[in-house]
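# Secondary and tertiary structure notes
Residue-level listing of the chains:
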Amino acid sequence: MNEIIRNTQSTTAHTSLDPQDWSAFRALAHRMLDETIDGIANVRTRPVWQPIPDEVRASFKADVPREVSDLAEVYREFAEHIAPYATGNVHPGFMGWVHGGGTAVGMLAEMLTAGLNANLGGRDHMPIEVERQIVDWMRRLFAFPDSASGIFVTGTSMANLMAVLVARTAALGTLARQYGIGNDGALLAAYTSQAAHGCVSRAMDIAGLGSDALRKIGVDADHRIDVAALRAQIAVDREVGFKPFLVVASAGTVDIGAIDDLKAVAQLCREEGIWFHVDGAFGALAILSPELAPLLGGIELADSIALDFHKWGQVPYDAGFLLVRDGEQHRQAFAQPAAYLRREARGLAAGAVWPCDLGPDLSRGFRALKTWFTLKTFGTDRLGATIARSCALAKYLEARVLAEPRLELLAPVNLNIVCFRYRAIDAVNREIVADIQESGIAAPSSTTLDGKFAIRAAIVNHRTEAADIDALVAAVLEFGGRRCGEDLIEVEAPPLAAQ
């Protein structure tokens, strides 16, 4: 026996992946932390984004690493070849897609999360209780009952898919999980607006219902779902034998940030006996701002809400979330008994409903900790003020566009997204967007509205200021002038009224 122990100890000494020199490791780790903090603190000194050089891209075509490498050398490669060419959403000039800026607090929480290396699929340990606390906070914020359930996921695309699955199970019964959707499932019909995110259609596809089972309803002048048209389509579908089971409303559409009339949609769903889901990827967290929360009137009536903490919540990626009014219906859509997941009365396998009963994942990271740190450190009042500030900056950009004859506003500014263009053909505006991105000045994105190519500025980063808005406008005018061969006139920016 002693010989076996000695051999085991000898083998362990050679196979453990822990550092051989903890002091040297600690020194390098502190350097990594310091340089990462410096990168955030001094983010304005570098470009928002820059193209990846060919030689850097080529260096990542190397063969599988078979031998040991020095950690310091691996970090050097990261610092030189990865960090400088990231998406750039930490930078205040990033106004493209709806990406949060993250925080230094969230970064530290991620480090602590990695140190714990907790699996939140289930069992009885404190990380699960942290996630449950955030579920309870979300219940309170959205006025959901105590019986409501919630779960962290990768993002709202996954949360929307899970909501479709819960609604599908509610409509067909739990036997559909065993036998498939059958003929009844083939008749299910869901509804959303033409402005809804594409992940809703994909969710219908993945759920086995087919993307054609999703009816895309027209929008009104404010880009909100046309409730009268929705009602009419539901009536038509019932008349011909379809079974309406789900309406997905938007709280912050992807193109312009429009919020559907949630109260009217909720009332219609109640009358028709249809599951009411809200895709609130970024807009749902407007609930944290007293001045914006009234725009979400009716969200408290939803059967389920999907949202991302990594957008307006400024939590580092990724931290999506699904909240379901009826926790038992949520559980019935995913729970699956297994001998190796048996729940015990005591010990590590004890506990109430496990997160793996509420979603498809058994292996789950501790996303809740960085969210908990963010909410606890900053408080919902300050986060709400940050959200309101981003909307005020969007109004400032709207005013800049309206005051400039060379620019054209393409959609109403509902929240924090401004869609506009240089008064030129689409091809010119496409080049302007790429020119600005490659310049490193700012990073807008683009979309198409009513057949026109639009420059899209989504102001999400808590670091963004009016000066960053001015820099974006100046860049659009400069590059637009160059592309159109105009004589460039230096334009004096108006006072920073949005500050």
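For the structure, see preceding data.
Let me sum up the structure you'll find in this document.

What counts, and at which threshold
Residues numbered from 1 in each chain as written. Predicted model: local features only at pLDDT ≥ 70, side-chain atom pairs only at ≥ 80, totals over all residues. Heavy atoms only, no water. Pairing = 2+ DSSP bridges. Helix = DSSP H or I, 4+ residues; strand = E, 2+ residues; numbered from the N terminus. Contact = heavy atoms within 4.5 Å. Axes fitted to C-alpha atoms, helices over the stretch in contact; angles between N-to-C directions. Disulfide = S-S within 2.5 Å. Buried < 20%, exposed > 50% of the residue type's maximum accessible area, 1.4 Å probe, protein only. 1 Å grid on protein atoms, 1.4 Å probe; cavity = no way out; pocket = protein on both sides within 12 Å on 5 of 7 lines; lining within 4 Å. Points joined across faces, edges and corners; volume = space filled by probe spheres on them. Nonpolar A, V, L, I, M, F, W, Y, C, P; charged D, E, K, R; others polar. Salt bridge = Lys/Arg side-chain N within 4 Å of Asp/Glu carboxyl O.

### Here we look at the sheet that holds strand S11 (residues 443–449)
Sheet architecture is open: five strands sit in the order S1-S11-S12-S10-S9, paired in mixed fashion. In this open sheet, the two strands that pair with only one neighbour each are strand S1 (94–95) and strand S9 (407–409). When S9 meets strand S10 (residues 417–422), the two strands line up antiparallel, connected through three bridges. Along S10, the bridge assignment pairs Glu408 with Arg421. This element, helix H15 (residues 426–439), spans S10, S11 and strand S12 (452–458) of the sheet and lies at about 25 degrees to S12. Sitting on the sheet, helix H16 (residues 466–484) touches S1, S9, S10, S11 and S12, and the angle it makes with S10 is about 25 degrees.

### Observations concerning the state of the cysteines
Tallied over the full model, the rule gives zero disulfides. No disulfide involves Cys419; its nearest neighbouring cysteine sulfur is the one of Cys391, lying 14 Å away. Look at Cys419 and you get buried, because its relative accessible area is 1%.

### Overview of the environment of Arg367
Mapping Arg367 onto the fold places it in helix H14 (residues 367–403). With 41 residues separating them in the primary sequence, Arg367 and Glu408 have C-alpha atoms 41 Å apart. In this view, Arg367 contacts Phe152, Val153, Thr154, Asp318 and Ala319; residues no more than four positions away in its chain are not counted.

### Topic: the layout of surface pockets
In this structure, the largest pocket spans a volume of roughly 1300 Å³. Along its surface, the largest pocket is lined by 42 residues, and Thr36, Ile40, Phe78, Ala83 and Met107 are the ones closest to its centre. Among the elements of the structure, helix H2 (22–41), helix H4 (71–81) and helix H5 (104–116) are those that each provide at least two residues to the lining of the largest pocket. When residues in the lining of the largest pocket are grouped by element, the largest group, 10 residues, is from H2. Taken together, the residues of the lining of the largest pocket sort by class into 23 nonpolar, 14 polar and five charged.

### A word on the pattern of salt bridges
When the charged atoms of two side chains with opposite charge come close together, those side chains can pair. Scanning the model with the defined rule gives 29 salt bridges in all. Note that Asp220 and Arg224 form a salt bridge whose closest N and O atoms lie 3.5 Å from each other. A salt bridge links Arg238 to Glu272; its shortest N-O distance comes to 2.9 Å. You can see Arg238 sitting in helix H11 (residues 227–239) and its partner Glu272 sitting in helix H12 (residues 262–272), a full 34 residues away along the chain. Overall, the relative accessible area of 24% leaves Glu272 in the partly exposed class. By sharing partners, the salt bridges in this structure join Glu408, Arg421, Asp426 and Lys452 into a single network.

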